[in-house]
Amino acid sequence: MREHRLTFGDAEVPYLYGADCGDELAGAVVDRLGDVDAVLFVVDDRATGHAAGITASMASSTRVETLVVSAVERHKTLGSVQSIMEHAVDRGLTRRSAIVAMGGGTVGNVAGLAASLLFRGIRLVHLPTTPVAAFDATISLKQAVNLSAGKNLCGTYFAPSLVACDLGWLTTVPRPDLLSGLAEMVKNVLVTAPGLEGKLTGAIGMLAQRPQQALLQLLELGIEAKAPYLRADPHERRSALVFEYGHTAGHAIEFLRGGTVSHGEAVAWGMLAAAEVGRRLYGLSAADVETHHRLIALLDLPDPAGRAGQLDRSALRGVLAADNKRGYGPCAPDEVLMVVLGAIGRPLAVPGRPPLVAVPIAVLLAAMETVTRAGRVRPQAEARTEAVR
C-alpha cells in the first residue's frame, strides 16, 4: 500500500492506494478515523461485493450502518442527499460519527455533500471504485448535485479525512466503462500535461495484459497533473478551472441524456467540441485538433448517434445558459464561459481572470453538431483534412 498526501491550500488529505490491499485499507480507515462512535457506509449497489470485507473489518472496531444506493445520474439530487442524512440521524449518528462513500463519482458526490451538511460537517472517507472517481473526482474538494436546470449547480467544497483505493476494485469495471472513464486523463494531458502523453498511451496499452500496473500509472498521472493546481487553487475558481475542459458541452450532453451517456464519454465528446470551437474562433492548429482525435480514439467510444448527438437545440441552449461557470467573468446571455485551448497545454486566458472565454452558444452548438454528426472519432487523416478547412 502506498500513500500520497494531497494538498488543498492549508488542508492535507492522505490518499492510500495499492493493488489487492483491501484488508490493509480497511484497517487504515479505522485507524485514520480514530474515535468515531459510528460509521454510515454509503455504497454503490454495483460495489457491494467490494464493500463486504471492508465493512466486516470496520465492524470489529466501531458500529457500522450500511446504506446501499443506486448511483445513477437521476439520483444525483438534493433529495438523495437528504435521504442519506435522514438515514444517518435515524440510525443514531452524531457529530463524532463519519460517512464512508464507496463507489463512483455519483456516490462520492451525494455522500460527500451529506457529510458536509450533517451536523454542519462530520468526517468523510472516499473509497473510489471507478476510474473517474479514483483518478479525478476524489482529487478535488468539490461535492455537488444537480438541479432541474443542469449539472452540479448545488454543492460545496469539503475536505475528506481520507481517500483510499484498492486498484483491484477497478479491474472489475467493464472495459467500455473503464476506457470511457479515462477521458479525464486525456483531458489532463491536453490541458496541462502534454509531457505525460507517453505515460497515458503506455498505460492504456497495458490495460489488457497488466491491468494493475496500468491502473497504478493512471492514478499517478491523475495526481501528477492535478495536484499542483489544487494546491494553489483548492476551490478551483482560478487556475484550476482548466480542468473544466470539455465539461461545458459534456455536462449538457450527460444531463440531457439522463445519465445514459456516461460522464467520461460525454466529456470526451465535449473536448472534441471544444477543439472545434478552438479551431473556428482561436486558431487551434490542425495538428492539435488531430491530437484530440488521436487520444480520444484510444477510448473506443460508441457511435454518438442517438447518444451524444440529436439533442434538442432549445434544451441544449437552456442547459448551457445555466452552466455553473457563469459569473466567473463577462458573459452575454447568448454566450457560455468555457475552457478553450490556443494550443495543446495552453488554455486561453485574459491576464488576471480565470482561464475561461465567452463563446457564443450558437458556435458551441454548431461545433457539437459537427463532432457528433461524424458518428465516430475521425481517423487522423480525416481530422487533419477537416481542421484545415
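Residues numbered from 1 in each chain as written. Predicted model: local features only at pLDDT ≥ 70, side-chain atom pairs only at ≥ 80, totals over all residues. Heavy atoms only, no water.

K.L.:
Give me the overall build of the protein: which residues, what numbers.
P.N.:
A count of helical and extended segments in the protein gives 16 helices and 13 strands. For 389 residues, the compact-globule estimate of 2.2 N^0.38 gives 21 Å, and the protein sits close to it at 20 Å. For the protein, the spread of C-alpha atoms along the three principal axes comes to 65 × 45 × 40 Å. Out of the 389 residues belonging to the protein, those deemed buried represent 57%. Looking at the protein alone, contacts between residues at least 24 apart form 75% of all its contacts between residues at least 6 apart. Carbon and sulfur atoms form 50% of the exposed surface of the protein, whose accessible area is close to 14,800 Å². Between the centroid of the 38 positive side chains of the protein and the centroid of its 39 negative side chains there is a distance of 4 Å. (Helix = DSSP H or I, 4+ residues; strand = E, 2+ residues; numbered from the N terminus. Rg over C-alpha atoms; globule rule 2.2 N^0.38 Å. Buried < 20%, exposed > 50% of the residue type's maximum accessible area, 1.4 Å probe, protein only. Contact = heavy atoms within 4.5 Å. Areas by Shrake-Rupley, 256 points an atom, 1.4 Å probe, with all protein chains shown as cover. Lys, Arg positive; Asp, Glu negative; His and termini not counted. Charge placed at Lys NZ, Arg CZ, Asp CG, Glu CD.)

K.L.:
Go over the pattern of salt bridges with me, naming the residues and quoting the values.
P.N.:
In total, this model carries 24 salt bridges according to the counting rule given. Two residues, Glu3 and Arg32, come together in a salt bridge whose shortest N-O distance is 3.1 Å. One end of the pair, Glu3, is in strand E1 (residues 2-8); the other, Arg32, is in helix H1 (residues 22-33), and 29 residues separate them in sequence. A relative accessible area of 38% places Glu3 in the partly exposed class. (Salt bridge = Lys/Arg side-chain N within 4 Å of Asp/Glu carboxyl O.)

K.L.:
Explain the nonpolar core to me, using residue names and the numbers behind them.
P.N.:
Core analysis: the largest hydrophobic core is formed by 112 residues, its most contacted members being Tyr15, Leu127 and Phe135. If you look at the next biggest cluster of nonpolar residues, it comprises 24 residues, including Ala71, Ile84, Ala101 and Ala114. (Core = buried A, V, L, I, M, F, W, Y, C linked by side-chain atoms within 4.5 Å.)

K.L.:
Could you give an account of the packing of aromatic side chains, with specific residues and numbers?
P.N.:
Evaluation of the coordinates by the stated rule reveals two aromatic pairs. Measuring from ring centre to ring centre gives 5.9 Å for Tyr15 and Tyr17, while their planes differ by 90 degrees; the resulting arrangement is edge-to-face. For Tyr17, a relative accessible area of 7% corresponds to the buried category. A ring pair is formed by Tyr229 and Phe243, whose centres lie 5.3 Å apart and whose planes are at 85 degrees; its orientation type is edge-to-face. Taken as a pair, Tyr229 in helix H10 (residues 211-232) and Phe243 in the loop between H10 and helix H11 (247-256) lie far apart in primary sequence, 14 residues in all. (Phe/Tyr/Trp six-rings, centres within 6.5 Å; stacked < 30°, edge-to-face > 60°.)

K.L.:
Explain helix H12 (residues 263-282) to me, and be specific about the residues and the numbers.
P.N.:
The first and last C-alpha atoms of H12 sit 27 Å apart over 20 residues, in line with the 28 Å expected at 1.5 Å per residue. Within H12, 17 of the 20 residues are buried, which leaves it mostly tucked inside the rest of the structure. Among the residues trailing H12, Gly283 stands out with phi positive, at a value near 75 degrees. (Expected span 1.5 Å × (residues − 1).)

K.L.:
With reference to specific residues and values, describe the environment of Tyr229.
P.N.:
We classify Tyr229 as partly exposed; its relative accessible area is 27%. A C-alpha to C-alpha distance of 23 Å links Tyr229 and Cys154, two positions 75 residues apart in sequence. With near-sequence residues (within four places) excluded, Tyr229 lies in contact with Thr192, Ser239, Ala240, Val242 and Phe243.

K.L.:
I'd like a description of the sheet that holds strand E6 (residues 123-128), backed by residues and values.
P.N.:
Strand pairing in a sheet is mediated by backbone hydrogen bonds. Such pairs are either parallel or antiparallel. If you trace the seven strands from one edge of the open sheet to the other, you get E1-E2-E9-E6-E5-E3-E4, paired in mixed fashion. Edge positions in the open sheet fall to E1 and strand E4 (63-69), since each of these has one partner strand only. When the angles between neighbouring strand axes are averaged without regard to direction, this sheet yields 20 degrees. Pairing of E1 with strand E2 (residues 11-18), which is carried by seven bridges, proceeds in the antiparallel orientation. The residue bridging Glu3 from the neighbouring strand is Leu16, located in E2. The strands touched by H10 within the sheet are E1 and E2, with E1 carrying the most contacts at an inclination of about 25 degrees. (Pairing = 2+ DSSP bridges. Axes fitted to C-alpha atoms, helices over the stretch in contact; angles between N-to-C directions.)

K.L.:
Quick rundown of the pairing of strand E13 (residues 357-360)? Include the residues and the values.
P.N.:
Going residue by residue along E13, you find Val357 and Val359 tucked away on one face and Ala358 and Pro360 left uncovered on the opposite face. Looking at chain direction, strand E10 (residues 335-338) and E13 are connected through four bridges and run antiparallel. Counterpart to Met338 in the pairing with E13 is Val357.

K.L.:
Could you give an account of the packing of helix H14 (residues 313-321) against helix H15 (residues 361-373), with specific residues and numbers?
P.N.:
Two numbers describe how H14 lies on H15: the axes approach to 11 Å, and their chain directions differ by 125 degrees. Relative to H15, H14 is oriented oblique. Relative to H15, the crossing made by H14 is right-handed. Counting all contacts with H14, which are made through Arg313, Leu316, Arg317, Leu320 and Ala321, the residues of H15 involved are Ile361, Ala362, Leu364, Leu365, Met368 and Glu369. (Parallel < 35°, antiparallel > 145°, perpendicular 65-115°, else oblique. Left-handed = near helix turned anticlockwise from the far one by under 90°.)

K.L.:
Summarise the side chain of Arg279; cite the residues concerned and give the values.
P.N.:
In this structure, Arg279 sits in helix H12. Among the polar contacts made by the side chain of Arg279, one reaches the side chain of Glu276 at a distance of 2.7 Å. (Polar contact = N/O pair within 3.5 Å; in protein donor to acceptor, adjacent residues only side chain to side chain.)

K.L.:
Provide a residue-level description of helix H3 (residues 78-90), including the pertinent values.
P.N.:
Helix length check: H3 (13 residues) gives 18 Å between terminal C-alpha atoms against 18 Å at 1.5 Å per residue, within 8%. Those residues of H3 that are buried lie in contact with strand E3 (38-44), E4, strand E5 (98-103), helix H4 (105-117) and strand E7 (142-147). Of the residues one or two after H3, Gly92 is the one with positive phi, at around 85 degrees.

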